[in-house]
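Inside the fold
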Amino acid sequence: MMKRNRTGRITLVGGGPGPADLLTVRAVKALATADVVYFDRLGPTRDLAELAPHATFVDVGKTPGHHKVPQEEIQARMVDGARAGLHVVRLKGGDPFVFGRGGEEVAAAVAAGIPVSVVPGVSSAVAVPGAAGIPVTHRNVSHLFTVVSGHAPLEPHEYRHLAGLGGTIVVLMGIGTLPSLVAGLRLAGLSGGTPVAVVERGFSHTQRTTAATLGSIVTAATACRNPAVIVIGDVVSVAGGAHQAAADFLPASTSDAGTSDGGTSGVGTPGGGAPGFGTPDFGARGTGASEAAALPVRRRA
């Protein structure tokens, strides 16, 4: 049975790029006091049973083109839980405010009069290139970087801004739109010789880096798949990270998980699908049978 606090609240927690030991101390404390955790297919989900020992877990993860629970419904359930006196934790990969729709969830809580706080997380936009030995900035090479969502192609004026701004371009979850990204940047004037790296499955034991140029990356990355972070700029060649194994940059304790902000992860769900799953009932919102089947959660005594 879920413990009900005297006053309900919502905490948005950034889960970082995957390994549990990259969670912040504040994130660990928030999870330890959670009554219910709404989690994506991101972050340290494999360790949730230990991190949130008193919580019910609700999988609301999204995949490209498929949102098993609409964002508005996630927000409504979070509010209902807090109104029922629960500490509701929304666990996301990376940082909640980097393509994580955290702003919408905070706005929903504020509109409902629910106390809400945000725990920042380590963003894959910086951490995953770093895991491959690629700094997003480097003295005398790049003093700025721009983070772009790769879920949809950009507009022509956005390509022009990116190409003209200079520095490093970091694209999250952009494998599907890589051809249009390359074409747009080339048309906007970015040199075909610009170094590019695709880092797949960051912070996992299968992490892989594919290095090429803007003119050749589409062919070189034919076999690449999300989750991935694309880095475009001279920093790719400066660090030489593409020529070293991921293990050279990763501590042994953090090499068995992986994720990216606003994308997918290679880590498991809490408890590996243990029995005793259902849908939490806060008494304010009904749940149909088909919806319950799509939202596995685990109850703990």
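The structure this text deals with has already been given above.
Anyway, here's the lowdown on the structure attached to this text. Bear in mind that the values here come from a model prediction, so they are computed numbers and not experimental data.

Here's the deal with the overall build of the protein
In terms of helices and strands, the protein carries 10 helices and 12 strands. Sequence separation of at least 24 residues holds for 70% of the intrachain contacts in the protein that already meet a minimum separation of 6. Here the protein displays about 12,900 Å² of accessible surface, and carbon together with sulfur accounts for 56% of that area.

A closer look at the sheet that holds strand 8 (residues 145-149)
Ordered by their spatial adjacency, five strands build an open sheet running 8-9-12-10-11, and the pairing between neighbours is mixed. With partners counted over all chains shown, the strands left at the sheet margins are strand 8 and strand 11 (208-213), one partner each. Geometrically, the sheet is characterised by an average inter-axis angle of 20° between neighbouring strands, direction not taken into account. Where strand 8 lies against strand 9 (residues 168-172), five bridges are found, and the strand directions are parallel. Looking across to strand 9, one finds that F145 is bridged to T168. In the packing of helix 5 (residues 124-131) onto the sheet, the strands contacted are strand 8, strand 9, strand 10 (195-200) and strand 12 (228-232), and the crossing angle to strand 12 comes to about 80°.

As for the pattern of salt bridges
Under the criterion given, the structure shown has seven salt bridges. Taking the shortest distance from any N to any O, the salt bridge between E104 and R101 comes out at 2.9 Å. When its relative accessible area of 32% is taken as the criterion, R101 is described as partly exposed. Several salt bridges converge on common partners, so that one network encompasses D40, R90, K92 and E105.

Examining the side chain of T168
Examined against the element boundaries, T168 turns out to sit in strand 9. Overall, the relative accessible area of 0% leaves T168 in the buried class. In this structure the side chain of T168 is engaged in a polar contact, spanning 3.0 Å, whose partner is the side chain of S142.

Brief notes about helix 4 (residues 102-111)
For helix 4, the complete set of buried residues consists of G102, E105, V106, A108 and A109. Here the buried residues of helix 4 occupy an arc of 160° about the axis, which is enough to place them on one side. Facing away from the buried side of helix 4 by over 90 degrees, the exposed positions are V110 and A111. Here the buried face of helix 4 lies against strand 1 (9-14), helix 3 (71-83), strand 6 (87-92) and strand 7 (116-119). Two residues or fewer past helix 4, G113 is found with a positive phi of approximately 75°.

Considerations on helix 3
Over its 13 residues, helix 3 extends 19 Å from the first C-alpha to the last, a length consistent with the 18 Å expected when each residue adds 1.5 Å. Burial runs high along helix 3: 11 of the 13 residues are buried. Of the residues making up helix 3, those classed as buried are Q71, E73, I74, Q75, A76, R77, M78, V79, D80, G81 and A82. Backbone geometry just after helix 3 places G85 at a positive phi near 95°.

Some thoughts on the pairing of strand 12
With five of five residues buried, strand 12 is to be regarded as a mostly interior element. Of the two faces of strand 12, the one holding A228, I230 and I232 and the one holding V229 and V231 are both buried throughout. As judged from the four bridges shared by strand 9 and strand 12, these two strands associate in the antiparallel manner. Residue pairing across strands places V171 opposite I230, the latter belonging to strand 12. Sheet topology places strand 10 next to strand 12; five bridges connect them, and they run antiparallel. Directly across from E200, in strand 12, lies its bridge partner A228.

What to know about the nonpolar core
Grouped together as the largest cluster of nonpolar side chains are 23 residues, with contacts concentrated most on I169, L185, V198, I217, I230 and I232. Counting residues per element, this core draws most heavily on helix 7 (residues 178-187), at four residues. Residues contacting I232, with those up to four places away along its chain left out, are G167, T168, I169, L181, L185, L190, T194, P195 and V196.

Rules and cut-offs
Residues numbered from 1 in each chain as written. Predicted model: local features only at pLDDT ≥ 70, side-chain atom pairs only at ≥ 80, totals over all residues. Heavy atoms only, no water. Helix = DSSP H or I, 4+ residues; strand = E, 2+ residues; numbered from the N terminus. Contact = heavy atoms within 4.5 Å. Areas by Shrake-Rupley, 256 points an atom, 1.4 Å probe, with all protein chains shown as cover. Pairing = 2+ DSSP bridges. Axes fitted to C-alpha atoms, helices over the stretch in contact; angles between N-to-C directions. Salt bridge = Lys/Arg side-chain N within 4 Å of Asp/Glu carboxyl O. Buried < 20%, exposed > 50% of the residue type's maximum accessible area, 1.4 Å probe, protein only. Polar contact = N/O pair within 3.5 Å; in protein donor to acceptor, adjacent residues only side chain to side chain. Arc of directions from axis to C-beta. Expected span 1.5 Å × (residues − 1). Core = buried A, V, L, I, M, F, W, Y, C linked by side-chain atoms within 4.5 Å.

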